[in-house]
Amino acid sequence: MPVCLGWVLGSAVQLVQPHLWPLRVYALLAMMAAGVGLLLWVAGQRRGWPGRLVWGLVPVVAVLAFASVGLRAVALQAERRLPVATGQALQADWRITRLPRIEGRAAVFDATLLHVYTPDGAEHAVALPVRLSWRFGGNGAGAAPPELRPGQVWRSTVRLHPPRGAANPYGFDAEAWWWREGVVALGQVVITARAAPPQRVDDAWWRHPVERARTAVRDAMRVRLHEYGSAAGLVIALVTGEQGAIDPRDWDAIRATGVAHLVAISGLHVTLFAYLAVALVGWGWRGAAQRWPTLALRWPRPWVAGAGGVLLATAYALFAGWGLPAQRTVVMLALFVFTGISGRRWPWGVTWLAALAAAVLIDPWAPLQPGFWLSFVAVAVLFNHEALSLAQGGVGTRLRVAVLNLWRTQWMVTLALAPLTLWWFGQVSLVGLLANLIAVPWVTGVLTPVALLGLVWAPLWEAAALLAQPLLGLLQAMATWPAAVWTRPAVPWLLAVAAGVGALLLVWRLPWRTRLWGVVLLWPALAYQAPAPAPGVFEVLLPDVGQGSAVIVRTARHVLMFDSGPPQGRSDAAERVLLPWLRALGATIDAVVISHDDIDHAGGMGTLARAAPRAVWWASFDPGDRVPVAVQRCVAGIEWEWDGVRFAFVHPPSPQWEPPDGGGDNARSCVLGVGKGRQSVWLMGDARQEEEHLILQTQPNVRAGLLVAGHHGSRTSTSAAWLDATQPAAVVFQAGWRNRYGHPHRQVIERVQARDIPWANTAACGAVSWRSDAPATLTCERARLRRYWRAPAAVSSTGSSAAPDADGTVEAGVLSSR
């Protein structure tokens, strides 16, 4: 236990390092810890391992684990220093290593870069794990996508760049995910008229046989189940572990009803498979022993059945993608078999801790994922409560006891995991208990076995799809129930820890007087309210949404959303970034402004309309039936006040106004001013210099605290005259990292720098926050929360400040994207 505990603690401490130390520091720590550990071992052997000496191993092993994870992190970071120029199109050979994910007319897959051919014709051998995307059907590439299989080697033109995702305070951390997956670069297969078309040059299927088999099964299931709609995606996910096959609408229902753990290849699935495998191997070995008795004498049937069951369960977990729940279950099954064969009887806490340490040893960055904690906490709760015996009584009694066991298990696990789901996702399913009571036996006992037997007889996949249809229909219906999901603001981590301990006390096998203390520990987190600006003060939140625009303006009791961001894959920025941030603040949308009808500003319009049906809407265009709400036209002169803060539209001049030079939608952008003077913000949309001059004609004395630069920093906006007139205390550009438009344009940056104005670019520093009571201060998310797997904020200075403060703020300085 001391060794396992020390390893878990040391690995966890390393994960919060903001920056990696030099390799020699970790190596020195590892050698020191190994030396001290050896001395302790020798002393323990001589003295019979007294208690103090045993627990003295905890800090020693913790330091060793810290150094070990640090060494692995330094090695991975070294691989990310690409030997080729970032963003340069070059010819390369690459081999597919994992199951390709096909989405419409695009494929995303992991590959190993084998050779790179430079423009001078030189060939360079490399071995870089990369994640590539390939869009089909453009520029004469053909209508039918090629058959992509793990093991295939292709030659094509690729464009690589370091892994870089959006940096927002809440929501999915893509960079942490890529780091854990070992991805050192992202890239695109370039399909242009000038580039040579991709061609397959080899097929080394034997290098990745498991992934090749997964792909073959996935493709066969797609062909056979193409008429079964979204049910096909669920069956494919249960068999192959490809969760991307599930329709986004089904995913929404699955999350809202709290059954996502069943869609992943969960511990229940692996345990059931292992149970069947043990029975099958034991039956086979008993038959073999009857024919060759010496086999049973040399290798007893329990040993062979246990080892065979674990090996087959491991093979199933690998085939299904080797997810966190599957890893945890395989490790625990192996420990149970080992202790049983060796005659040991470990307490469940030792087995649990050993499995936890083994999982961290295999993947030190697994604790960054919510599934890691949800899985292990659920198993601890189940271990702590013994199930009622099914060995006695008739069929009716056994059925009643089985139902009672299921009920006890579900309510305990639901309560124990509620603080964790609130911490990670900002919500908990109130219908999850009922949904799991139905879904757990259906998916685990019926649907999954039928789907897996389809590997032997393919028509059973169709039967599994028929079984999945009513389940999905029920989950979608339950997800629409009133108050199906309960949301709460994001709580400080101390309150979250207290709530987690409180939930465990409530379900632990303890006297009820002791359990009631759990309510005391839970209450602060449940009653917590996120701090809001004081009356007369407001804050502006500029999320990192890529090449697009979305701004949250928050007063003491109201929230305005200006623009809705661009589409993002099968979703949009509103769903992935904006709504999680608002949930974390405990805020609801009171008004929405869509500046103009460009996809990078209006891409999440429908999502916002569904999330805020009672909000007041303004736009510079008629969205028609794209949103099921009434939309007013934004016109100069419309103004109102919330909580002592003034809001006023200053453009366009009238609903029928047309730009004289044909500026189109950009010229008609809604321009909104919030606040007054140096405590104000100007939201420009994609307004051009011509519109800036028009505004100055009607409001020559305008001033700004924060200026959100028009058109993402295009050279057609943010003129010198506009900067001179508004004299902003700070400027923010919302743009995508290395976007193809070159935003923000160098001329605009030079105009801002020439006036010594602090500025930030969301592409470089992630989400940016600003408050009206501190108009010269910008808070950069990448500088506020530093982690070594995250790309750092690009920082330079034109004023007296040279870098962000410890809390990520920048005052009278510059955050740039250079």
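Everything discussed here concerns the structure shown above.
Residues numbered from 1 in each chain as written. Predicted model: local features only at pLDDT ≥ 70, side-chain atom pairs only at ≥ 80, totals over all residues. Heavy atoms only, no water.

(A) Inspection of the sheet that holds strand E18 (residues 639–642) at higher detail. Here we have seven strands laid out as an open sheet, ordered E18-E19-E20-E21-E22-E23-E24, and mixed in their pairing. Edge strands, defined here as strands with exactly one partner in the open sheet, are E18 and strand E24 (759–761). On average, each strand axis in the sheet is inclined to that of its neighbour by 15°, with strand direction left out of account. Of the strand pairs in this sheet, strand E20 (residues 671–676) and strand E21 (residues 679–683) are connected by five bridges, and their pairing is antiparallel. Of the residues in E21, the one forming a bridge with leucine 672 is leucine 683. Where helix H26 (residues 689–698) meets the sheet, its contacts fall on strand E19 (645–651), E20 and E21, and the angle it forms with E19 comes to roughly 115°. (Pairing = 2+ DSSP bridges. Helix = DSSP H or I, 4+ residues; strand = E, 2+ residues; numbered from the N terminus. Axes fitted to C-alpha atoms, helices over the stretch in contact; angles between N-to-C directions. Contact = heavy atoms within 4.5 Å.)

(B) Expanded view of helix H19 (residues 493–507). Compared with an ideal rise of 1.5 Å per residue, which puts 15 residues at 21 Å, H19 spans 22 Å between its outermost C-alpha atoms and is within 8% of the ideal. Buried residues belonging to H19 abut helix H15 (370–384), helix H16 (395–425), helix H20 (512–515) and helix H21 (517–527). (Expected span 1.5 Å × (residues − 1).)

(C) Representation of the packing of aromatic side chains in the model. On inspection of all chains with the given rule, the structure shows 28 aromatic pairs. Here tryptophan 179 and tyrosine 788 contribute two aromatic rings whose centre-to-centre distance is 5.5 Å and whose plane-to-plane angle is 70°, an arrangement assigned as edge-to-face. Linking tryptophan 179 in helix H5 (residues 174–181) with tyrosine 788 in the loop between helix H30 (781–784) and strand E27 (795–796), this pair joins segments that are 609 residues apart in sequence. Residue tryptophan 179 is classed as buried on the basis of its relative accessible area of 2%. Their ring planes at 55° and their centres at 5.8 Å tell us that phenylalanine 538 and tryptophan 770 sit as a pair that is tilted. Within this pair, whereas phenylalanine 538 is found in the loop between H21 and strand E10 (539–542), its partner tryptophan 770 is found in strand E25 (residues 768–771), the two being separated by 232 residues in sequence. The residues phenylalanine 538 and tryptophan 770 share a single accessibility class, namely buried. (Phe/Tyr/Trp six-rings, centres within 6.5 Å; stacked < 30°, edge-to-face > 60°. Buried < 20%, exposed > 50% of the residue type's maximum accessible area, 1.4 Å probe, protein only.)

(D) Molecular detail of the pattern of salt bridges. All chains considered together, the criterion is met by 30 salt bridges. A salt bridge links glutamate 147 to arginine 149; its shortest N-O distance comes to 3.9 Å. Judged by relative accessible area, which is 55%, glutamate 147 ranks as exposed. Residue arginine 149 is classed as buried on the basis of its relative accessible area of 17%. (Salt bridge = Lys/Arg side-chain N within 4 Å of Asp/Glu carboxyl O.)

(E) Fine view of the pairing of E18. Alternating positions in E18 separate cleanly, Trp640 and Trp642 being buried on one face and Glu639 and Glu641 remaining unburied on the opposite face. What sits between E18 and E19 in their antiparallel hairpin is a turn of two residues, with aspartate 643 showing a positive phi close to 50°.

(F) Just the nonpolar core, in detail. Counting residues in each nonpolar core, the largest one holds 39 residues, and the members touching the most others are Met221, Leu225, Leu234, Val235 and Leu447. Broken down by element, the residue count for this core peaks at nine residues, all from helix H18 (residues 459–479). When sequence neighbours within four positions are dropped, the list of residues in contact with leucine 447 reads Leu234, Leu238, Trp442, Ala464, Leu467, Ala468 and Leu471. In terms of nonpolar packing, the next biggest core, distinct from the first, is built from 37 residues, Leu20, Leu82, Ala176 and Trp365 among them. (Core = buried A, V, L, I, M, F, W, Y, C linked by side-chain atoms within 4.5 Å.)

(G) Looking closely at the side chain of arginine 214. Secondary-structure assignment places arginine 214 in helix H6 (residues 209–224). In terms of polar contacts, arginine 214 uses its side chain to reach the side chain of glutamate 211, at 3.1 Å. Apart from the residues lying within four places of it in its own chain, the contact partners of arginine 214 are Leu99, Thr240, Gly241, Glu242, Leu318, Phe319, Ala320 and Gly321. (Polar contact = N/O pair within 3.5 Å; in protein donor to acceptor, adjacent residues only side chain to side chain.)

(H) The packing of helix H7 (residues 230–240) against helix H17 (residues 432–453), seen in detail. Remark: H7 packs on H17, axes separated minimally by 9 Å, with the N-to-C direction vectors making an angle of 85°. When the axes of H7 and H17 are compared, the pair comes out roughly perpendicular. Across the interface between the two elements, Leu234, Val235, Leu238 and Val239 from H7 touch Val443, Leu447, Thr448, Ala451 and Leu452 from H17. When the residues that make up the contact of H7 with H17 are grouped by side-chain class, the tally is eight nonpolar, one polar and no charged. (Parallel < 35°, antiparallel > 145°, perpendicular 65-115°, else oblique. Nonpolar A, V, L, I, M, F, W, Y, C, P; charged D, E, K, R; others polar.)

As far as function goes, none of this settles anything; it's purely spatial.
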